[in-house]
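# Overview (structure and organization)
Spelled out, the chains give:
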There are 2 protein chains.
Amino acid sequence: MPEQRTGAVTLTDVAREAGVSLATASRAINGSTRQVGEELRERVLAAAHKLNYAANTQAQAVAKGRTNIVGLLVHDIADPYFSSIATGVIRVAEASQMLVTLANTERNPAREVEHLGALRGQHSRVAILVGSRVSESAEADALRREIAAFERTGGRVVMVSQDLHPADTVALENRAGARELATELVGLGYRHFGILAGPGTLLTAHDRTEGFADGLAASGVDLDQSNVIHGDFTRDGGYTAMVQLLEREAEVDCVFAANDVMAVGAMTACRDHDVDLPRTLGMAGFDDITTLRDISPSLTTVRMPLERAGALALQLALDADPGDPPRVRTLAGEVVIRQSTPPRSP
Amino acid sequence: MPEQRTGAVTLTDVAREAGVSLATASRAINGSTRQVGEELRERVLAAAHKLNYAANTQAQAVAKGRTNIVGLLVHDIADPYFSSIATGVIRVAEASQMLVTLANTERNPAREVEHLGALRGQHSRVAILVGSRVSESAEADALRREIAAFERTGGRVVMVSQDLHPADTVALENRAGARELATELVGLGYRHFGILAGPGTLLTAHDRTEGFADGLAASGVDLDQSNVIHGDFTRDGGYTAMVQLLEREAEVDCVFAANDVMAVGAMTACRDHDVDLPRTLGMAGFDDITTLRDISPSLTTVRMPLERAGALALQLALDADPGDPPRVRTLAGEVVIRQSTPPRSP
DNA sequence: AGTAGAGTGGAAACCGCTTCCATATGGATG
DNA sequence: CATCCATATGGAAGCGGTTTCCACTCTACT
């Protein structure tokens, strides 16, 4: 019986069982450039299997100076936007034998910085930060410092959002998508728009709102700024903002919500207030989250390849050698017209 | 300039900067039973802050023989059932300074075992396995072995599902909830039921289906077994099963789906086939996932405290000392009648 | 004054693994 | 047959921390 501190089977146990040195056991099991003779290799593997050996990854990490950990920071994993992206990350991670550690930042930039520090302590090889950047520069500076510290340890940071940090980035084309959506909606006959804009400080929300406004302007449609309602970038935020918009009793024939989650909340608000969607009011969102498949009326939106964005983020980091300059991949959206915005005859 | 292998700031750097020994620096920063003099402690902390030191958690883990990692194994993080539970786990983990590593098992018991082995290699202090157990005993045996191996390393396993392994368990009361739901639906006037049952091998699906059938029997209502359709425990599975049920053209006035995700898919199938919910057909689900807030007609279901189940799972593990006998907490559901099952006059 | 005891600091051992380096072995070469 | 080189194996030195053990100082008590 091997002496036990933790009760775990160690490589020493395996080596003893197989009657070889520690070094040989290590080489046989976890591979290396060095060759191990056929017979010994098999003896070691048999011993490992017999003892049900699982290598201590922490010890490996300390010895090798690097890990197979990818840290994933999302605003809220229960939000389908983030869980789709996470799915993409996880898929690639599994294929590359990497472990994913997950944290919710709850849309708080300070927590994001804090968690990134934790990932640095963990010596994560990759950190993926998903979600909109903010416009406040104090937060951005703190993040920039922490990114630098993280990369100094040999890790790679990837942002899935706006391209404004010196790190690999999967940029989602918010402005162009929103702009195109606006154009199409005008083409369908809508003229009087309300916007559920999300928080002004979130760049994603801001870009989408601006892109949409641009599109309207380019089509010669006026936007009444007082019909632009700010609120949280969440389902509840959408609900609340929609209620506010309804209370204004403004003449609006179509509402654009800066993301689908808000749009879905807004649709429920409409239902609760006996607004007949889509007859009296058009509605459009952004992202094409999977939830939409079961929402009725089906929601017009801009489809973003979310799962792909997550997968791409990790691939970007894994392909890079440490020290390589940051790379940026831009993913475009595609407007999808559905039942929630039937053609209007003005 | 400290000599650099990885470029990371190490405790040695901090100690040198503060002019103290490694031991003192360790005691000052990461705490211990030992006291460190006020002046030295402050010098060390100042040095750590100045160098932006982040302790190498891998090295700590190796030295201490344990980690602050909780491994979370879910079937599919993009499924709101699992992401709600995950949210609960993450919340408690953050409060306890633990890191969460996440893996999707894709409803594959073999992958579950494999991942649990990986968590053992990671020396996770806690492993939380979320999701239905299966009835095949070969898989169950493999899992049992791996659980034993995991606990031998000092870790704690928690199941969120059925209580049939020697591990801490948060058991969700599927049978009673489904039974009560059946009773209430009969009370509302429904008599001819269809069931979208999920896979027969998944115990959760099985328990809910049986509980529901029990409830019908107790209320003196017959269930036509040919109206029990099996399918995947997913949104698509619900959609497909519902289509099959519709094609049978059986006389059914209410459908029970074994979980909400299936029910939501089934509702969409109904819409696509011009079935007028809830006028011509009642529909009920199970779980009360958050998505339901925005589904119309609102869905009758059995509310399970999912986020709480996740939180409880981790608490259970953290409260326990290694070697304590497994504890079981049972969480009951609560029937919630909504628009999808209006009263019927038979 | 002498000594026990508490409190504080540093040296060194250790955690489990990888990897550098030295050594032994065998075959090819002269 | 002696020499050289390539290669497999083992010994031992790290990796970055924690913790034990010991030395030392300072107080309190007889």
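Residues numbered from 1 in each chain as written. Chains lettered and ligands numbered in written order. Predicted model: local features only at pLDDT ≥ 70, side-chain atom pairs only at ≥ 80, totals over all residues. Heavy atoms only, no water.

## Quick look at the overall build of chain A
- Broken down by element type, chain A carries twelve helices and twelve strands.
- Whereas a compact globule of 346 residues would reach a radius of gyration of roughly 20 Å, chain A reaches 26 Å, over 25% beyond that.
- Over its C-alpha atoms, taken along the principal directions, chain A stretches across nearly 85 × 40 × 30 Å.
- Relative to its full complement of 346 residues, chain A shows a buried share of 55%.
- Within chain A, contacts between residues at least 6 apart in sequence are counted, and of these 75% link residues at least 24 apart.
- If you average the places of the 34 positive and of the 45 negative side-chain charges in chain A, the two averages end up 9 Å apart. (Helix = DSSP H or I, 4+ residues; strand = E, 2+ residues; numbered from the N terminus. Rg over C-alpha atoms; globule rule 2.2 N^0.38 Å. Buried < 20%, exposed > 50% of the residue type's maximum accessible area, 1.4 Å probe, protein only. Contact = heavy atoms within 4.5 Å. Lys, Arg positive; Asp, Glu negative; His and termini not counted. Charge placed at Lys NZ, Arg CZ, Asp CG, Glu CD.)

## A short note on the relation of the copies chain A and chain B
- It takes a turn of 180° to lay chain A on chain B, together with a shift of 0.0 Å along the axis; the resulting RMSD is 0.1 Å. Considering both components of the superposition, the chain copies are consistent with a two-fold axis. Across chain A, the smallest distance between a C-alpha and the rotation axis is recorded for Thr 101 of chain A, namely 2.0 Å.
- A share of 100% of interface residues in chain A that are also interface residues in chain B marks the association as one of identical surfaces. (Least-squares fit on C-alpha atoms with pLDDT ≥ 70 in both.)

## Digging into the pattern of salt bridges
- All chains considered together, the criterion is met by 38 salt bridges over all chains.
- Note that Glu 334 of chain A and Arg 303 of chain A form a salt bridge whose closest N and O atoms lie 3.4 Å from each other. Of this pair, Glu 334 of chain A sits in strand S12 (residues 334–336) while Arg 303 of chain A is found in strand S10 (residues 301–303), placing the two residues 31 residues apart along the sequence.
- Classification of Glu 334 of chain A by relative accessible area gives partly exposed; the value is 43%.
- Judged by relative accessible area, Arg 303 of chain A falls into the partly exposed class, the value being 35%.
- A salt bridge links Glu 39 of chain B to Arg 43 of chain B; the shortest N-O distance between them is 3.0 Å. Of this pair, Glu 39 of chain B and Arg 43 of chain B are both found in helix H3 (residues 38–51), four residues apart, which corresponds to roughly one turn of the helix. (Salt bridge = Lys/Arg side-chain N within 4 Å of Asp/Glu carboxyl O.)

## Let's talk about the sheet that holds strand S6 (residues 193–196) of chain B
Residues and elements named next belong to chain B.
- The strand order across the open sheet built from four strands is S7-S6-S8-S9, with neighbouring strands paired in parallel fashion. The strands lining the two open edges of the sheet, one partner per strand, are strand S7 (228–229) and strand S9 (282–284).
- Alignment of S6 against S7, held across two bridges, turns out to be parallel. By the bridge assignment, Ile 195 is partnered in S7 with Val 228.
- Against the sheet, helix H8 (residues 174–187) makes contact with S6, strand S8 (254–257) and S9, and its axis sits at roughly 170° relative to S8, the strand it touches most.
- With respect to the sheet, helix H10 (residues 235–248) is in contact with S6, S7, S8 and S9, its orientation differing from that of S6 by roughly 150°. (Pairing = 2+ DSSP bridges. Axes fitted to C-alpha atoms, helices over the stretch in contact; angles between N-to-C directions.)

## A short note on the packing of helix H1 (residues 11–18) of chain B against H3 of chain B
Residues and elements named next belong to chain B.
- Contact pair H1 / H3: the axes reach a minimum separation of 8 Å and the direction vectors enclose 125°. Taken together, the axis directions place H1 and H3 in an arrangement best described as oblique. Remark: the crossing between H1 and H3 carries right-handed chirality. Here H1 contributes Asp 13, Val 14, Glu 17 and Ala 18 to the contact with H3, which in turn contributes Arg 43, Val 44, Ala 47, Ala 48, Lys 50 and Leu 51.
- Its residues placed into classes, the contact of H1 with H3 shows six nonpolar, no polar and four charged. (Parallel < 35°, antiparallel > 145°, perpendicular 65-115°, else oblique. Left-handed = near helix turned anticlockwise from the far one by under 90°. Nonpolar A, V, L, I, M, F, W, Y, C, P; charged D, E, K, R; others polar.)

## Section: the packing of aromatic side chains
Residues and elements named next belong to chain A.
- Enumeration over the complete set of coordinates arrives at six aromatic pairs over all chains.
- Residues Phe 193 and Phe 212 carry aromatic rings whose centres are separated by 5.5 Å and whose planes lie at 75° to one another, so their mutual orientation is edge-to-face. Remark: Phe 212 occurs in helix H9 (residues 203–218) and Phe 193 occurs in strand S6 (residues 193–196); sequence separation between them is 19 residues.
- Judged by relative accessible area, Phe 193 falls into the buried class, the value being 2%.
- Residue classification places Phe 212 among the buried positions, given a relative accessible area of 0%.
- Following the ring pairs from residue to residue traces out a cluster consisting of Phe 193, Phe 212 and Phe 256. (Phe/Tyr/Trp six-rings, centres within 6.5 Å; stacked < 30°, edge-to-face > 60°.)

## Observations regarding the confidence of the model for chain A
- Taken residue by residue, chain A gives an average pLDDT of 94. The fraction at 70 or more is 97%.
- Predicted confidence for residues 1–5 of chain A stays below pLDDT 50, and this span has seven contacts to residues more than four positions away or in other chains. (pLDDT = per-residue confidence, 0-100.)

## Comments concerning unusual backbone geometry
- Cis geometry marks the peptide bond from Ser 296 of chain A to Pro 297 of chain A, where omega comes out at -5°.
- Position of Pro 297 of chain A relative to the elements: it lies in the loop between strand S9 (282–284) and S10.
- At the junction of Leu 277 of chain B and Pro 278 of chain B, the peptide bond is cis and its omega measures out at -5° in the coordinates.
- Relative to the helices and strands, Pro 278 of chain B is located in the loop between helix H11 (260–272) and S9.
- One non-glycine residue, Asp 287 of chain A, adopts positive backbone phi at about 125°.
- Relative to the assigned elements, Asp 287 of chain A resides in the loop between S9 and S10.

## Describing helix H6 (residues 109–121) of chain A
- For H6 of chain A, with 13 residues, the first-to-last C-alpha span of 19 Å sits near the 18 Å given by 1.5 Å per residue.
- By the burial criterion, the buried members of H6 of chain A are Pro 109, Glu 112, Val 113, His 115, Leu 116, Gly 117, Leu 119, Arg 120 and Gly 121 of chain A.
- Buried-residue contacts for H6 of chain A involve strand S1 (69–74), strand S2 (99–104), strand S3 (126–130) and helix H7 (137–152) of chain A together with helix H4 (57–64) and helix H5 (80–95) of chain B.
- Measuring from the backbone nitrogen of Ala 110 of chain A back to the side-chain oxygen at the start of H6 of chain A gives 2.9 Å, which picks out Asn 108 of chain A as the cap. (Expected span 1.5 Å × (residues − 1). Polar contact = N/O pair within 3.5 Å; in protein donor to acceptor, adjacent residues only side chain to side chain.)

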